[in-house]
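Structure at a glance
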Amino acid sequence: MMKRNKIVSIVILSVTALACMLVGWLLIKAVLDRSGAAEGRNADYNRLQKIYADAVFPDDANIERIRQDKADVEEWLKKTGELLHEGDLPANNLTPATFKQKLQATVRRLSQQPGVRRGKVVIPGFNFGFDQYLGESDSLPEKEHVPRLDRQLSMIEQISHELYRAKVLAVDSVARETFDSAATVTTAPEESRRRGSRRRSSTADDEPAAAGSAPVQFELPDGLVSKESFTFEFTATPEAYVTALNRLAAMKLFTVVAENSFKKTGDQLAVMEQKPKSAVAAGEAQKAHSQLSYAERTVTNPNTDPPVSVKLVIDVYTFEGV
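Residues numbered from 1 in each chain as written. Predicted model: local features only at pLDDT ≥ 70, side-chain atom pairs only at ≥ 80, totals over all residues. Heavy atoms only, no water.

Observations concerning the overall build of the chain
Broken down by element type, the chain carries nine helices and five strands. Each helix (α) and strand (β) of the chain, taken in turn from the N terminus, gives the series α-α-α-β-α-β-α-α-β-α-β-α-α-β. The buried share of the chain, taken over its 322 residues, is 25%. Long-range pairs, those at least 24 residues apart, make up 80% of the contacts in the chain between residues at least 6 apart in sequence. (Helix = DSSP H or I, 4+ residues; strand = E, 2+ residues; numbered from the N terminus. Buried < 20%, exposed > 50% of the residue type's maximum accessible area, 1.4 Å probe, protein only. Contact = heavy atoms within 4.5 Å.)

Here's the deal with a nonpolar patch on the surface
Where nonpolar side chains cluster on the molecular surface, the patch consists of Ile7, Val11 and Val15 and spans about 260 Å² of accessible area. Mapped onto the fold, Val11 is located in helix 1 (residues 2-53). The exposure class of Val11 is partly exposed, given its relative accessible area of 46%. (Patch = residues over 30% accessible without salt bridge, like charges linked within 9 Å, V, L, I, M, F, W, Y side chains within 5 Å. Areas by Shrake-Rupley, 256 points an atom, 1.4 Å probe, with all protein chains shown as cover. Salt bridge = Lys/Arg side-chain N within 4 Å of Asp/Glu carboxyl O.)

Details of the nonpolar core
Ranked by internal contacts, the top residues of the largest apolar core, which has 39 residues, are Phe128, Phe130, Phe232 and Phe234. Counting residues per element, the ones that place at least two in this core are helix 3 (96-110), helix 4 (146-165), strand 2 (170-176), strand 3 (225-236), helix 7 (238-249) and strand 5 (308-319). With eight residues, the single largest contributor to this core is helix 4. With residues up to four places along the chain from it excluded, the contact list for Phe130 reads Phe99, Leu103, Leu149, Gln152, Leu153, Ile156 and Arg176. (Core = buried A, V, L, I, M, F, W, Y, C linked by side-chain atoms within 4.5 Å.)

Quick look at the sheet that holds strand 4 (residues 254-264)
Judged by pairing direction, the sheet is antiparallel, and its four strands sit side by side in the order 2-3-5-4 without closing on themselves. Strands at the two margins of the open sheet, each flanked by one partner only, are strand 2 and strand 4. With direction set aside, neighbouring strand axes in the sheet form an average angle of 15°. When strand 3 meets strand 5, the two strands line up antiparallel, connected through twelve bridges. Bridge pairing in strand 5 links Phe232 to Leu312. This element, helix 7, spans strand 3, strand 4 and strand 5 of the sheet and lies at about 165° to strand 4. (Pairing = 2+ DSSP bridges. Axes fitted to C-alpha atoms, helices over the stretch in contact; angles between N-to-C directions.)

Here's the deal with the confidence of the model for the chain
Residues with a pLDDT of 70 or more make up 75% of the chain, whose mean pLDDT is 80. Scored below 50 in pLDDT, residues 183-216 makes 28 contacts in the model with residues more than four places away or belonging to other chains. (pLDDT = per-residue confidence, 0-100.)

Given below as structure tokens:
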């Protein structure tokens, strides 16, 4: 009997111990859960306080302001896109034969501008960069090349008209990107290298450019922007040169003067210095400075300064996906 009571006591004690352990575990779990809930609550509270402390609190007025800002940005983007597309060229569905007819008529028309080259702005037989299809050549362009050739012709025509309106004295040469002739491309590696260097950032192997002569380089995004490059060399008075740059910048066609260089074709001071010497050689008495006329005493004058020979590399951008 005593052994039985001992067994019952052991069982009761064991059950009691297990119950105490279970209660203790539940108590510890409740404390841990309470602590985690408190931390989560405090984090949410701090996050809410940060929102309330922000400069732009999400109340009804600020939400309306953000919506208005979004509408303003969308309107600005729309107007910017319309501005970029103002100079878009029409897509003409031309055959190689009709393109050549258009090319011949355009070159004839551009060649009629008055200038100093035998009374015209260009020499006879000047082909504005399309020698491959004009002059002694009777070849026609490939059909797949016609759309881009037509764009290049329209761009050259518009740029030439701006130079004419600026009253340049002569157009000496026009070069375009020659994509349509493998022979031309392979014989001009320097030109290809120059164009490629404008499309990528300069590396350590590139030679340093002269100060102020290198434009900012950037990659053109595929499918959004395309570019045609042209090189125009012309002779103009200093005033016409500046006017030409201003007219190019104001074109609806999106043009950028990527490279710009010029040199004088004569020395005005040397010419003035020769006049007294020639007078003395002819037996004339040299005049005193006070006896010189206003024109003779003028050192430099934009109207009498010698013209300058100008070279411009002009990039024309087309925005297809904007």
